[in-house]
Amino acid sequence: MKIAVIGGSGLGAALGGEDAAATHDVDTPFGKPSCPIVETRWHGTAVLLLQRHGIGHTLNPGAVPYRANLFALKALGATHVLASGATGSLREDFVPGELVVCDQLIDRTRHRAGTFYEHAAVHVEFAEPFCPVMRRWLLAAADGMDTATRVHRAGTYVCMEGPAFSTAAESRMHRQLGG
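What counts, and where the lines are drawn
- Residues numbered from 1 in each chain as written.
- Predicted model: local features only at pLDDT ≥ 70, side-chain atom pairs only at ≥ 80, totals over all residues.
- Heavy atoms only, no water.
- 1 Å grid on protein atoms, 1.4 Å probe; cavity = no way out; pocket = protein on both sides within 12 Å on 5 of 7 lines; lining within 4 Å.
- Points joined across faces, edges and corners; volume = space filled by probe spheres on them.
- Nonpolar A, V, L, I, M, F, W, Y, C, P; charged D, E, K, R; others polar.
- Helix = DSSP H or I, 4+ residues; strand = E, 2+ residues; numbered from the N terminus.
- Buried < 20%, exposed > 50% of the residue type's maximum accessible area, 1.4 Å probe, protein only.
- Polar contact = N/O pair within 3.5 Å; in protein donor to acceptor, adjacent residues only side chain to side chain.
- Salt bridge = Lys/Arg side-chain N within 4 Å of Asp/Glu carboxyl O.
- Patch = residues over 30% accessible without salt bridge, like charges linked within 9 Å, V, L, I, M, F, W, Y side chains within 5 Å.
- Areas by Shrake-Rupley, 256 points an atom, 1.4 Å probe, with all protein chains shown as cover.
- Disulfide = S-S within 2.5 Å.
- pLDDT = per-residue confidence, 0-100.
- Phe/Tyr/Trp six-rings, centres within 6.5 Å; stacked < 30°, edge-to-face > 60°.
- Lys NZ or Arg CZ within 6 Å of the ring centre and 35° of its normal.

Observations concerning the layout of surface pockets
Approximately 170 Å³ is the volume found for the second largest pocket. Arg108, Arg110, His111, Met160, Glu161, Gly162, Pro163, Ala164, Phe165 and Glu170 are the residues that line the second largest pocket. Class assignment for the residues of the lining of the second largest pocket results in four nonpolar, two polar and four charged.

Topic: the side chain of histidine 53
Structurally, histidine 53 can be placed in the loop between β4 (45-51) and α2 (66-75). Residue histidine 53 is classed as buried on the basis of its relative accessible area of 15%. Among the polar contacts made by the side chain of histidine 53, one reaches the main-chain carbonyl oxygen of leucine 59 at a distance of 2.7 Å.

Topic: the pattern of salt bridges
Where charged atoms from two side chains of opposite charge approach closely, those side chains can pair. Counting across every chain of the model gives seven salt bridges. Between aspartate 25 and lysine 32 there is a salt bridge, with the nearest N and O atoms lying 2.8 Å from each other. Under the relative-accessibility criterion, aspartate 25 is labelled exposed at 58%. The residue aspartate 27 makes a salt bridge to lysine 32 at a minimum N-O spacing of 3.4 Å. With relative accessibility at 38%, the residue lysine 32 sits in the partly exposed group.

Section: the environment of lysine 74
The residue lysine 74 is located in helix α2 in this model. Looking at lysine 74, the relative accessible area reads 62%, which means it is exposed.

Some points on a nonpolar patch on the surface
Among the surface-exposed residues, Leu70, Phe71, Val81, Phe116, Tyr117, Val122 and Val124 lie close enough to one another that they form a single nonpolar patch of about 590 Å² accessible area. Structurally, leucine 70 can be placed in helix α2. In this structure leucine 70 comes out as partly exposed when scored by relative accessible area, which is 35%.

Concerning the state of the cysteines
Two cysteines, two sulfur atoms, one covalent bond between them: this is a disulfide. Per the stated rule, a full pass over the model turns up zero disulfides. The closest cysteine sulfur to the non-disulfide-bonded cysteine 102 is located on cysteine 159, 11 Å from its own sulfur. This cysteine, cysteine 131, is not joined by any disulfide, and cysteine 102 carries the nearest cysteine sulfur, 14 Å off. Classification of cysteine 131 as partly exposed rests on a relative accessible area of 36%.

What about the confidence of the model for the chain?
This prediction gives the chain a mean pLDDT of 88; 93% of its residues lie at or above 70. For the chain, helix α1 (residues 11-15) is the element with the lowest average pLDDT, namely 61, and α2 is the one with the highest, namely 97.

Some points on the packing of aromatic side chains
Taken as a whole and assessed by the stated rule, the structure comprises two aromatic pairs. Seen from their ring centres, phenylalanine 30 and phenylalanine 116 are 5.3 Å apart, and the 80° between their planes marks the pair as edge-to-face. Here the residue phenylalanine 30 occupies a position in the loop between β2 (22-24) and β3 (37-42), and phenylalanine 116 occupies one in the loop between β7 (104-108) and α3 (132-143), the gap between them amounting to 86 residues. Among the aromatic residues, ring-to-ring pairing joins Phe30, Phe71 and Phe116 into one connected group. Stacked on the ring of tyrosine 66, the Lys or Arg arginine 112 has its end atom at 4.0 Å from the ring centre.

Encoded structure:
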């Protein structure tokens, strides 16, 4: 098993590695990923680290090469992907500093490619957009944590195109939709 972790610019420093890290500069059919991918081990597990917005946070959300990022991680042997994000909340019971293990999403993107299969008549099941196996692992880990951090067992992630956040009216709509 090799876990890929996609996160922000402080990701590598926050996780730290047990071994000397290898850096992979990968080319894909979708272009270069956001940055070179760092491979290390964490608690005995092989981990690939990718900074979504590039080194130094240089890519705005619309410029992140999402397909290249995922293709490169898969090419390097990733079996599972965990993507973190620092976001706001549309719910008063979800406060800053808490974690959410999402189970649904609302995709509000419209300018980026939505598939790897542009040239094939392929339909992809998306009723459960988050891997149920990974969700179980994360929830079991949360149950075993000795911390005061509150973990919400479900939530609907609203994915915006960016770089602009929602208007106040859009936020009210997303809240009514369960975001």
